[in-house]
Amino acid sequence: VSCSDDDSEECIGYRPENVTEVNSPTSGRINESIEIEVKFPVYNGCGNFEKFIESGSEQSKIIEVQAKYEGCICTDNIPIITAIYEFTPSTIGDYELKFKSGETDYITVNLTITN
């Protein structure tokens, strides 16, 4: 059984996923994009990165990963997905980025931004 065009909406789902690894520089320059590599597992073979959800202030952000699951028949493998979080600081100073890695756990990245 697979999806037909009529009920394809039933075969698309979204869910937050916990981050397992973050690779980031420790410093950057004002108004220059910083690329941070974020890794997370998805529930099955139909999962892919959808978007980052941010909350908090610019100086102290909480970042969650949302995965998109597309397909009615999915493999049982649990792949690790890598996504790039782009952060562009607008002021000089110290920033704390907290990537959600569990219900109340985070992988924290501290960045020092200079001129």
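Just so you know, these numbers come straight off a predicted model, no measurement behind them.

1. A short note on the overall build of the protein chain
So, step 1. Helices and strands together make up the secondary structure of the protein chain, namely zero helices and nine strands.
So, step 2. The N-to-C order of helical and strand elements in the protein chain reads β-β-β-β-β-β-β-β-β.
So, step 3. Scaling as 2.2 N^0.38, a compact globule of 115 residues should have a C-alpha radius of gyration of about 13 Å, whereas the protein chain reaches 17 Å, well beyond that.
So, step 4. Residues classed as buried in the protein chain amount to 30% of the 115 residues present.
So, step 5. Nonlocal contacts in the protein chain, meaning residues at least 24 apart in sequence, comprise 65% of its contacts between residues at least 6 apart.
So, step 6. Roughly 6900 Å² of accessible area belongs to the protein chain as shown, and the carbon and sulfur atoms make up 44% of that amount.
So, step 7. Put simply, the protein chain has 8 plus and 21 minus side-chain charges, and the middle of one group is 6 Å from the middle of the other.

2. Regarding the packing of aromatic side chains
So, step 1. Throughout the structure, instances matching the rule amount to five aromatic pairs.
So, step 2. Between Tyr85 and Phe99, the aromatic rings sit 5.6 Å apart at their centres with planes inclined by 90°, giving edge-to-face as the arrangement. Of this pair, Tyr85 sits in strand β7 (residues 80-87) while Phe99 is found in strand β8 (residues 93-100), placing the two residues 14 residues apart along the sequence.
So, step 3. Where Phe87 meets Tyr95, the ring centres are 5.3 Å apart and the plane angle is 70°; that geometry is what we call edge-to-face. No difference in accessibility class separates Phe87 from Tyr95, as the two residues are buried.

3. So, the nonpolar core
Grouped burial of nonpolar side chains is what soluble globular proteins tend to show.
So, step 1. Of all hydrophobic cores here, the largest spans 22 residues; its most connected members are Ile36, Val38, Tyr85, Leu97, Phe99 and Leu111.
So, step 2. Setting aside residues up to four positions removed in sequence, Val38 forms contacts with Val19, Glu21, Phe52, Val65, Ile81, Thr82, Ala83, Tyr85 and Phe99.

4. Notes on the environment of Phe40
So, step 1. Mapped onto the elements of the fold, Phe40 is located in strand β4 (residues 34-41).
So, step 2. In sequence terms Phe40 and Glu21 are 19 residues apart; their C-alpha atoms lie 7.0 Å from each other.
So, step 3. The contact partners of Phe40, leaving out residues within four places of it in the chain, are Glu17, Asn18, Val19, Thr20, Phe49, Val65, Ala67, Pro79, Ile80, Ile81 and Ala83.

5. Observations regarding the sheet that holds strand β2 (residues 21-23)
So, step 1. Reading across the sheet, the three strands line up as β2-β4-β7 and stay open at both edges, with antiparallel pairing between neighbours. Of all the strands in the sheet, just β2 and β7 have a single pairing partner and so form its edges. The sheet shows a mean angle of 20° between the axes of neighbouring strands, taken without regard to direction.
So, step 2. Pairing of β2 with β4, which is carried by three bridges, proceeds in the antiparallel orientation. In the sheet register, Val22 faces β4, and the bridge partner there is Val38.

6. Thoughts on the pattern of salt bridges
So, step 1. Enumeration according to the criterion identifies four salt bridges in this entry.
So, step 2. Between Glu70 and Lys68 there is a salt bridge, with the nearest N and O atoms lying 4.0 Å from each other.
So, step 3. The class of Glu70 is partly exposed, set by a relative accessible area of 48%.

7. Some words on the environment of Val42
So, step 1. As for its placement among the helices and strands, Val42 is situated in the loop between β4 and β5 (47-56).
So, step 2. Remark: the alpha-carbon pair of Val42 and Val109, spanning 67 residues in sequence, is separated by 22 Å.
So, step 3. Beyond its immediate stretch of four places on either side in the chain, Val42 contacts Glu17, Gly47, Asn48, Ala67, Tyr69, Ile78, Pro79 and Ile81.

Criteria and cut-off values
- Along each chain, the written sequence defines residue order, and numbers are assigned to residues from 1.
- It should be noted that, the model being predicted, local features are given only for residues of pLDDT at least 70 and side-chain atom pairs only at 80 or more, the latter also being counted only at that level, while totals for whole chains, interfaces and linings use all residues.
- Calculated side-chain values reflect all of the structure's heavy atoms, with hydrogen atoms and water omitted.
- The secondary structure listing takes helices from DSSP runs of H or I that are at least 4 residues long and strands from runs of E that are at least 2 residues long, numbered from the N terminus.
- The quantity called the radius of gyration is restricted to C-alpha atoms. Its globule counterpart is 2.2 Å times the number of residues to the power 0.38.
- We call a residue buried when its accessible area falls under 20% of the maximum for its residue type, exposed when it is over 50%, and partly exposed in between, using a 1.4 Å probe and counting protein chains only.
- Working rule for contacts: check all heavy atoms of both residues, and any pair within 4.5 Å makes them a contact.
- Note on areas: Shrake-Rupley with a 1.4 Å probe; residue coverage comes only from the protein chains shown.
- Counting rule for charge: Lys and Arg are taken as positive, Asp and Glu as negative, and neither His nor the chain ends is counted.
- A single reference atom marks each charge: NZ on Lys, CZ on Arg, CG on Asp, CD on Glu.
- Pairing of aromatic rings covers Phe, Tyr and the six-membered ring of Trp, with a centre-to-centre limit of 6.5 Å; geometry is then stacked below 30 degrees between planes, edge-to-face above 60, and tilted otherwise.
- Note on terminology: a nonpolar core comprises buried Ala, Val, Leu, Ile, Met, Phe, Trp, Tyr and Cys residues joined through side-chain atoms within 4.5 Å.
- Two strands form a pair only when DSSP identifies at least two bridges running between them.
- What counts as an axis is a line fitted to C-alpha atoms, over the stretch in contact for a helix, and the angles between N-to-C directions run from 0 to 180 degrees.
- Any carboxyl oxygen of Asp or Glu that lies within 4 Å of a side-chain nitrogen of Lys or Arg is treated as forming a salt bridge with it.

These figures come from the coordinates and say nothing about function on their own.
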